[in-house]
Amino acid sequence: MLAASLALVAFLGLTGLALDRAFVATAQNALRERLANLANSYIRDSELDRTRDFISPEIPPDSRLLTPRSGLYATVRGEGLRWESASSLGRSLPPVEFLKPGERRFEGPLRIVDASGMENSVYGYSIGVIWVPADDFPLTFSVFEDAQQIENQIRIYRAALWGNLLLAALLLTMVQLLVLRWSLLPLRNVERELGRVRQGESQRLSGRHPRELESITHAINALIESERTHLDRSRNTLSDLAHSLKTPLAVLRSRLDADASHAELRSEVAAQVQRMNEIVTYQLTRAARTGHALYSAPIEIEPRAEEIVAGLEKVYAGRGVFCEFDIDPAARFHGELGDLQELLGNLLENAFKWADKRVLLTVSVEPAPPERRAGVNFIVDDDGPGIPAERVDRLLQRGVRGDERVQGHGVGLAIVQDIVTAYLGELRVTRAPELGGARFSVRIPPAY
């Protein structure tokens, strides 16, 4: 508000200065034209006798020329000639410089001192002429007018100008304050909603926000959802870990209560410790695999796919399985490198396992609206036996505590399902239209 007010004051100040200068210039030009017309009329109606005495018109162009100290004065200067109008009685006029014939000069304000010692200022307009009837006698006609009249006009205009500009500044400042408060109201609403989220009164920000704030509110909601998902995942992992450890601990307790022999107890402890170690390793691996950073640098897909396929082709070299690529060069994975490797690795490994000879990896870009990251689509086709439609739902079910392998079409689909879910994506299993085998389609939607 302070910056906007300073800019407004500076703008109105410069506007006022420009208008003031324009009015002063206009007033002076109007005075110049008026004095020029007066001087021309005076010259036209005047005479010069044979003795080169100046004879002014009986009725001057302006009656003020007959009234002393009226504010309008006329003078004529020539060689040995000096004439002043009756209005200049008691008033000392500025000295007049002789002008060449046809030369015109407008001056002012010029400071003068009258007989009483009082200072005053006048504007003057002079014309140099040649008086032909008097043997081409050069004369300089001058007309003076007190600057008080034009100064009064300028003073009245300035008072009205700056008064109105001040009023306009106050009104515009009030309007500006109201506009700023109104335009920043959505931000205050976001702040209040964030406060409700912090206090636990709301789970997320509402979707009723201006278009300019949608990217911010969606990003904040994504952060809130990601934090809540990580928290729920951590709680579930700890709950699963505690639940899984109950059985080995119960077995150890029962063996201690049964007074088993030292050898039996030692063997049982070793077995249960190994089991608990496997449980802990499994739960930690699952927790690390199912989480991902919300904002990550984009990762090129083709180099990672080539690394994975190079290893798989060596493993399945005896069967002669090879993989073809159809990857959009602009495709990028906005996530963690480990997630991309797990996703492609498990999908391609299943395809290699069940393919007869060919595997096709297709990666395309899903366009995104402005200010959003583009999505990406993965399609893995093979020429194997395919998967019956009635088995697809059971194939994609994830075991809660068992080994995350799906019978019927290789291993790792549960891992793929978890990664796709974490990125708010979609996994579909259909039949490959060209190769005839299974098609695994993964869609990672655009995100903020």
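If you're wondering where the values come from, they're calculated on a predicted model, not measured in any experiment.

Analysis parameters
Every chain's residues receive numbers from 1 upward, in the order its sequence appears when written. This being a predicted model, a pLDDT of at least 70 is required before a residue's local features are given, and a value of 80 or more before pairs of side-chain atoms are given or counted; all residues contribute to the totals for chains, interfaces and linings. Neither water nor hydrogens contribute to the side-chain values; these are computed over all heavy atoms in the structure. Working definition: helices are DSSP H or I runs of at least four residues, strands are E runs of at least two. Numbering for both runs from the N terminus. Methods summary: accessible areas were calculated by the Shrake-Rupley approach with a probe of 1.4 Å, and residue burial reflects only the protein chains presented. Burial here depends on accessible area, computed with a 1.4 Å probe over protein chains only, as a share of the maximum for the residue type. Under 20% is buried, over 50% is exposed, and the range in between is partly exposed. Two strands qualify as a pair provided DSSP detects at least 2 bridges between them. Contacts between residues were defined by any pair of non-hydrogen atoms, one from each residue, lying within 4.5 Å. Each axis is a line fitted through C-alpha atoms, and for a helix only the stretch in contact is used; angles between axes span 0 to 180 degrees, taken between their N-to-C directions.

### A closer look at the overall build of the protein chain
Reasoning step 1: Along the backbone of the protein chain there are nine helices and 14 strands.
Reasoning step 2: Of the roughly 26100 Å² that the protein chain leaves accessible, carbon and sulfur atoms contribute 56%.

### Observations regarding the pairing of strand S7 (residues 137-146)
Reasoning step 1: With respect to burial, S7 is a largely interior element, nine of its 10 residues being buried.
Reasoning step 2: Where strand S3 (residues 72-78) and S7 come together, seven bridges link them in antiparallel fashion. Note that in S7 the partner of arginine 77 across the bridge is threonine 140.
Reasoning step 3: Sheet analysis places strand S6 (residues 119-131) next to S7, joined by 10 bridges and oriented antiparallel. In the strand pairing of S7, glycine 124 is matched with phenylalanine 144.

### Brief notes about the environment of arginine 443
Reasoning step 1: Within the secondary structure layout, arginine 443 lies in strand S14 (residues 438-444).
Reasoning step 2: Owing to a relative accessible area of 32%, arginine 443 belongs among the partly exposed residues under this scheme.
Reasoning step 3: C-alpha separation for the pair arginine 443 and leucine 427, spaced 16 residues apart in sequence, amounts to 6.7 Å.
Reasoning step 4: Ignoring anything within four residues of it in the chain, the contact list for arginine 443 reads Glu366, Val376, Asn377, Gly425 and Glu426.

### Some thoughts on the environment of glutamate 193
Reasoning step 1: Residue placement: glutamate 193 occurs in helix H3 (residues 185-198).
Reasoning step 2: For the pair formed by glutamate 193 and arginine 204, sequence separation is 11 residues and the distance between their alpha carbons is 8.0 Å.
Reasoning step 3: If we ignore the near neighbours within four places in the chain, the residues touching glutamate 193 are Leu205, Ser206 and His209.

### Notes on the sheet that holds S14
Reasoning step 1: If you trace the five strands from one edge of the open sheet to the other, you get S9-S11-S12-S14-S13, paired in mixed fashion. This sheet does not close on itself; its edge strands, each paired only once, are strand S9 (322-327) and strand S13 (426-431). The average angle at which neighbouring strand axes cross in this sheet is 15 degrees, direction not considered.
Reasoning step 2: Here six bridges tie S9 to strand S11 (residues 358-366), and the two strands are oriented parallel to one another. Across the sheet, the residue bridging to cysteine 323 is valine 359, located in S11.
Reasoning step 3: Packing of helix H6 (residues 301-315) onto the sheet brings it into contact with S9, S11 and strand S12 (375-382), and relative to S9 it is tilted by some 170 degrees.
Reasoning step 4: Contacts between helix H7 (residues 337-354) and the sheet are confined to S9, S11, S12 and S14, with S12 contributing the most and set at about 20 degrees to the helix.

Interpretation note: all reported values are geometric properties and have no functional meaning in isolation.
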